[in-house]
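Structural description and commentary
Now for the letters of each chain:
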Number of protein chains: 2
Amino acid sequence: MRKRTATSYDVARLAGVSQSAVSRAFSAGASIAAETRQKVLAAARELGYQPNAIARSMSSARHADVQRTGIIGLIVTRLPDPFFSQIIDMFSRSFQLQGWHLLLFSVEAEAEVDRALTELMRFKIDGAIVMSALMSDHMAGVCRRAGIPVVLYNRRASRSEASSVCIDNADGGAQAAGLLLQTGHGRIAFLGGSHHDATSDDREAGFLAGLERGGLRLAAREEGDFTFDSGVEAGKRLLLSRERPDAVFCASDVMALGVLHAAQEYFGLSVPRELSILGFDDIPAAAWPRHQLTTIRQPYRAMVREAVEILIRQLEAPDGPGRDAVFAGQLILRRTVRGANLLPDGGDRAREARAAAAGQPASHA
Amino acid sequence: MRKRTATSYDVARLAGVSQSAVSRAFSAGASIAAETRQKVLAAARELGYQPNAIARSMSSARHADVQRTGIIGLIVTRLPDPFFSQIIDMFSRSFQLQGWHLLLFSVEAEAEVDRALTELMRFKIDGAIVMSALMSDHMAGVCRRAGIPVVLYNRRASRSEASSVCIDNADGGAQAAGLLLQTGHGRIAFLGGSHHDATSDDREAGFLAGLERGGLRLAAREEGDFTFDSGVEAGKRLLLSRERPDAVFCASDVMALGVLHAAQEYFGLSVPRELSILGFDDIPAAAWPRHQLTTIRQPYRAMVREAVEILIRQLEAPDGPGRDAVFAGQLILRRTVRGANLLPDGGDRAREARAAAAGQPASHA
DNA sequence: ATGCAGGATGCATGCGCAGTCACAACCGAG
DNA sequence: CTCGGTTGTGACTGCGCATGCATCCTGCAT
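This one's a predicted model, so the numbers in the text were calculated from it and none came from an experiment. (Residues numbered from 1 in each chain as written. Chains lettered and ligands numbered in written order. Predicted model: local features only at pLDDT ≥ 70, side-chain atom pairs only at ≥ 80, totals over all residues. Heavy atoms only, no water.)

Moving on, we get to the overall build of chain A. What chain A contains, in helices and strands, is 13 helices and 13 strands. The principal-axis extents of the C-alpha atoms in chain A amount to approximately 85 × 40 × 40 Å. Counting every position in chain A, which comprises 365 residues, the buried fraction comes to 55%. Look at the contacts in chain A between residues 6 or more apart in sequence, and 69% of them connect residues 24 or more apart. Of the roughly 15,200 Å² of accessible surface on chain A, 50% is carried by carbon and sulfur atoms. Mean positive and mean negative side-chain charge positions of chain A (43 and 41 charges, respectively) differ by 6 Å. (Helix = DSSP H or I, 4+ residues; strand = E, 2+ residues; numbered from the N terminus. Buried < 20%, exposed > 50% of the residue type's maximum accessible area, 1.4 Å probe, protein only. Contact = heavy atoms within 4.5 Å. Areas by Shrake-Rupley, 256 points an atom, 1.4 Å probe, with all protein chains shown as cover. Lys, Arg positive; Asp, Glu negative; His and termini not counted. Charge placed at Lys NZ, Arg CZ, Asp CG, Glu CD.)

What follows is the structure, encoded as structure tokens:
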């Protein structure tokens, strides 16, 4: 049986004041004498009293403009993926620092997002972050009507039903294409993530457009599911083909590392001499000494900071405008692209990217 | 301004019934006519009504034996670490499946656990999982008095103030020592995690005891902080020493991979011919083709399942006994220990471990 | 000495829901 | 046709808190 915890009435009795006084002692800026507050806090300490956050949000439900539970829903996909776990950690810490709490929901497929949001809304979350997934238009409407701001991370919001923060995937793809063309690759392959995943598709589109501008066409195309193992398998398929590609651009670092390990281990290839590999994201393992993967970095710290700011601003001014922030990816030249280290200053595109990333994100209200 | 969402009264009015009827329509096993329930559900659908979970837990606070918020606190350390992110993901999914929700709290240091629990208790969590950290005895008492079960993951509970689930770290260390002795290594080093970290200390103690049984002493000792980079740095220090070790046992796979990359990249060493490396945990990257790290596997799926079961059992029978589950680590022979693949069936210890892991965990009520 | 402003405090109320209680409606048996 | 029993339903209450409102008190100006 759950033991009863002390309530504000218990504290009031012990401190010899009214329950209102206890409530006021715990809310900043309330009209209460310093002496009284001390008396109350002392009694509270003695009883181990902590204001009940649930009851508090119930109570304030009356006062229209401040109903707050202090809870934010965080809906995540592929939590164990190193790219995402870094981001989740940063979200968690950022919100904590500002006094918010996160209700975590891990979903498998895009289709579960609506269900997750519905369930979270029963807890009267004040807002939500949705990672790498979209909600339905229906759900977006429900959230809007309920006054719950949602920020999509890693997805562009369509029709401004929500705010969003993401990387310019098409531009990243174009940067990748530019680098591979500039370094004289001829048989270029692309390894995509899950079928019809917006992120992967955009990177591919930008990549293809970039190749086309250089007068090249894709030599091969494979598809994985953003996991390392799928990268290994796709790598094997690519390298077994008759016309072996001399470069592969992968929709994520995790898959790119799969290709790298497959190329070295199962084909004894020298990277980048016999095969160039280009990733996307810049996860920690990309920088490991034996990997030194050339990739497009997502400035995820700035991106998370931006997402948190957008959400909190909307929490404070619920009728304010949303915001779509698009960040530029930054080409990181390491060792897996042949000839790249010979380019002056890492090539023009890299310089451009660096400049863009340093500034503000492009935005669309 | 937050828009008002539909309440049970709104649904009642639309359905032409009382508020009580609406409440009953949403609670299984309540005394209500099927026809009435349908009417209510239809009205609810029309208004987009969802029972308010906050108000529900407020209300049921009166009925002593069932106060439930449905929220479980999850306090985590080192969230981005691949070993932990897998586990967090599994916790998240397991609890979700059973209708519980997780309030996530990411902490940096052991000392923050008490603060985190205190904060979570304001939300009247029904229970908590604490990963890789201990709470103070004081806090344990507070939780016990409040009737909030806590399960420590990856830590042994002292004085049965809480339940716990963890791996037999000392035995894992002993297995590591056994393997290195059996394969004829002579200058053996240990790479620890953070200073005075219980996990690292226990692994070290078991390892040292094992070496001693074989008549060997540690040739060198280094300390990192469980990160890859610290593994690289510690690896450099070890390999620069006059009497270079011929084997290193690392307190975690992440650090072991750091040593591996450092040995190959900065010293051009052949692993395992010139240096054997042994890790602990068996994270996904340990199995990558170019790593093939020999390690002690934690059967984390079974462990998380056990932790969830323990917590839910205590949630349902709050006065029931706690439980300390200790799982056996399983030696996974890959390629980073010289001579290990020559052992019959991977060596006796591996067979033993496999058998132990297949069975029930040892337990101490 | 009187009036008044402004701070401090207590009382009463309701947030949305689940459960208790009382009673109406309806059943089959006598 | 009446009576005990069974269901279904609605009125009412309180979970713990924050706040509006009324009241009281203190200090200061007149």
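What follows continues from the structure just given.
Now for the domain arrangement of chain A. Domain annotation for chain A reports domain 1 (8-51), domain 2 (68-167 + 301-327) and domain 3 (169-299 + 329-360). Between domain 1 of chain A and domain 2 of chain A, the C-alpha centre-to-centre distance is 36 Å. (Domains from an automatic or database assignment.)

Let us look at helix H8 (residues 169-182) of chain B. Residue and element names in this part refer to chain B. For H8, which comprises 14 residues, the first-to-last C-alpha distance of 20 Å matches the rise-based estimate of 20 Å (1.5 Å per residue) to within 8%. Counting buried positions along H8 yields 10 of 14 residues, so the element is predominantly enclosed. Listed in full, the buried residues belonging to H8 are Asn169, Gly172, Gly173, Ala174, Gln175, Ala176, Ala177, Gly178, Leu179 and Leu180. Just downstream of H8 lies glycine 184, where phi reads positive at about 75°. (Expected span 1.5 Å × (residues − 1).)

Residues and elements named next belong to chain B. Viewed as axis vectors pointing N to C, helix H6 (residues 112-121) and helix H7 (residues 137-146) meet at an angle of 20°, and their least axial separation amounts to 10 Å. Our classification of the angle between H6 and H7 gives roughly parallel. Helix-helix and strand crossings are classified by hand; for H6 and H7 the assignment is left-handed. Judged by residue contacts, Asp114, Leu117, Thr118 and Met121 of H6 engage Met139, Val142, Cys143 and Ala146 from H7. Of the residues in the contact of H6 with H7, the class split is six nonpolar, one polar and one charged. (Axes fitted to C-alpha atoms, helices over the stretch in contact; angles between N-to-C directions. Parallel < 35°, antiparallel > 145°, perpendicular 65-115°, else oblique. Left-handed = near helix turned anticlockwise from the far one by under 90°. Nonpolar A, V, L, I, M, F, W, Y, C, P; charged D, E, K, R; others polar.)

Residue and element names in this part refer to chain B. The buried fraction of strand S1 (residues 71-77) is high, at seven of seven residues. Of the two faces of S1, the one holding Ile71, Gly73, Ile75 and Thr77 and the one holding Ile72, Leu74 and Val76 are both buried throughout. Note that S1 and strand S2 (residues 101-107) share seven bridges and pair parallel. Among the inter-strand pairings, isoleucine 71 is bridged to a residue of S2, identified as histidine 101. With respect to chirality, the unit in which S1 leads through helix H5 (residues 82-97) into the neighbouring parallel S2 is right-handed. Judged from the four bridges that link them, S1 and strand S3 (residues 127-131) form a sheet pairing that is parallel. Across the sheet, isoleucine 75 pairs through a bridge with valine 130, a residue of S3. (Pairing = 2+ DSSP bridges. Right-handed = clockwise from strand over helix to strand, strands pointing away.)

This brings us to the protein's contact with DNA strand D. Every one of the 30 residues lining DNA strand D counts as a neighbour, but Ser8, Ser23 and Arg56 of chain A together with Arg24 and Thr36 of chain B are closest to it. Within the contact set of DNA strand D, a phosphate oxygen lies 2.4 Å away from a side-chain nitrogen or oxygen of arginine 56 of chain A. In the environment of DNA strand D, a sugar or linking oxygen lies 2.7 Å from a nitrogen or oxygen atom belonging to the side chain of serine 59 of chain A. Within the residue set of the surface near DNA strand D, elements represented by two or more residues are helix H1 (8-15), helix H2 (19-25) and helix H4 (53-59) of chain A together with helix H2 (19-25) and helix H4 (53-59) of chain B. For the surface near DNA strand D, the residue count by class is 11 nonpolar, 14 polar and five charged. (Near = heavy atom within 4 Å. Polar contact = N/O pair within 3.5 Å; in protein donor to acceptor, adjacent residues only side chain to side chain.)

With that settled, consider the interface of chain A and chain B. With 60 residues of chain A at the interface, the matching set in chain B holds 59 residues. Summing both sides of the interface, chain A and chain B together bury roughly 6,300 Å²; the carbon and sulfur share of this comes to 57%. Where chain A packs against chain B, one counts six salt bridges. Where glutamate 108 of chain A meets arginine 93 of chain B, a salt bridge forms, and the shortest distance between an N and an O atom there is 2.9 Å. Taken together, the connections running from chain A to chain B amount to 24 residue pairs in polar contact (both at pLDDT 80 or more). (Buried area = accessible area lost by both parts, 1.4 Å probe. Salt bridge = Lys/Arg side-chain N within 4 Å of Asp/Glu carboxyl O.)

We now examine helix H3 (residues 34-47) of chain A. All names here are of chain A. With 14 residues, H3 should reach 20 Å at 1.5 Å per residue; the first-to-last C-alpha distance of 20 Å fits that figure. Residues of H3 that are buried include every one of Val40, Ala43 and Ala44, and no others. Seen end-on, H3 carries its buried residues on one side only, within an arc spanning 100°. Opposite the buried face of H3, at more than 90 degrees from it, the exposed residues are Ala34, Glu35, Arg45 and Glu46. Looking at the buried side of H3, the elements it contacts are H1 and H2. At the C-terminal side of H3, glycine 48 shows a positive phi close to 65°. (Arc of directions from axis to C-beta.)

This part is about the packing of H5 of chain B against helix H12 (residues 300-316) of chain B. All names here are of chain B. It is the contact of H5 with H12, at a shortest axis distance of 10 Å, that shows an interaxial angle of 40°. It follows that H5 is oblique to H12 by the angle criterion. Note that H5 runs across H12; the crossing there is right-handed. The residues of H12 that touch H5, namely those facing Gln86, Ile87, Met90, Phe91, Ser94 and Phe95, are Tyr300, Arg301, Val304, Arg305, Ala307, Val308, Leu311 and Ile312. Counted by class, the contact of H5 with H12 contains 10 nonpolar, two polar and two charged residues.

Let us look at the protein's contact with DNA strand C. Near DNA strand C you find 30 residues, and of these Ser20 and Thr36 of chain A together with Ser8, Ser23 and Arg56 of chain B are the closest. Protein-adjacent atoms of DNA strand C, using a 4 Å cutoff, are sugar or phosphate at a proportion of 58%. Backbone polar atom of methionine 58 of chain A to a base oxygen of DNA strand C: 3.0 Å apart, as the coordinates give it. For the surface near DNA strand C, the per-class residue count stands at 11 nonpolar, 14 polar and five charged.

All told, the structure shown has 38 salt bridges over all chains when counted by the stated rule. Measuring nitrogen to oxygen at the nearest pair gives 2.7 Å for the salt bridge that ties glutamate 306 of chain A to arginine 323 of chain A. Highlighted residues: glutamate 306 of chain A in helix H12 (residues 300-316) and arginine 323 of chain A in the loop between H12 and strand S11 (324-327), separated in sequence by 17 residues. Here glutamate 306 of chain A and arginine 323 of chain A have matching classes, each one buried. Arginine 115 of chain B serves as the salt-bridge partner of glutamate 112 of chain B, at 3.3 Å between the closest nitrogen and oxygen. Here glutamate 112 of chain B pairs with arginine 115 of chain B, and both are found in helix H6, just three residues apart, close to one helical turn. Each of Asp89 and Arg93 of chain A together with Glu108 of chain B takes part in a single network of salt bridges with overlapping partners.

It is worth spelling out empty space enclosed by the protein at this point. The tally for this structure, following the rule as stated, stands at two cavities of 30 Å³ or more. Computed from the structure, the largest cavity encloses a volume of approximately 120 Å³. Lining the largest cavity are 15 residues, and of these Arg78, Phe84, Asn154, Thr199 and Phe226 of chain B sit closest to its centre. Counting only elements with at least two residues in the lining of the largest cavity, the list comes to H5 and helix H9 (198-213) of chain B. A per-class count over the lining of the largest cavity returns four nonpolar, five polar and six charged. Counting contributing residues, the lining of the largest cavity receives three or more from each of domain 2 (67-167 + 301-327) and domain 3 (169-299 + 329-364) of chain B. Forming the boundary of the second largest cavity are 14 residues, of which Arg78, Phe84, Asn154, Thr199 and Phe226 of chain A lie nearest the centre. Residues that form the lining of the second largest cavity fall into these classes: three nonpolar, five polar and six charged. The residue makeup of the lining of the second largest cavity includes at least three contributed by each of domain 2 (68-167 + 301-327) and domain 3 (169-299 + 329-360) of chain A. (1 Å grid on protein atoms, 1.4 Å probe; cavity = no way out; pocket = protein on both sides within 12 Å on 5 of 7 lines; lining within 4 Å. Points joined across faces, edges and corners; volume = space filled by probe spheres on them.)

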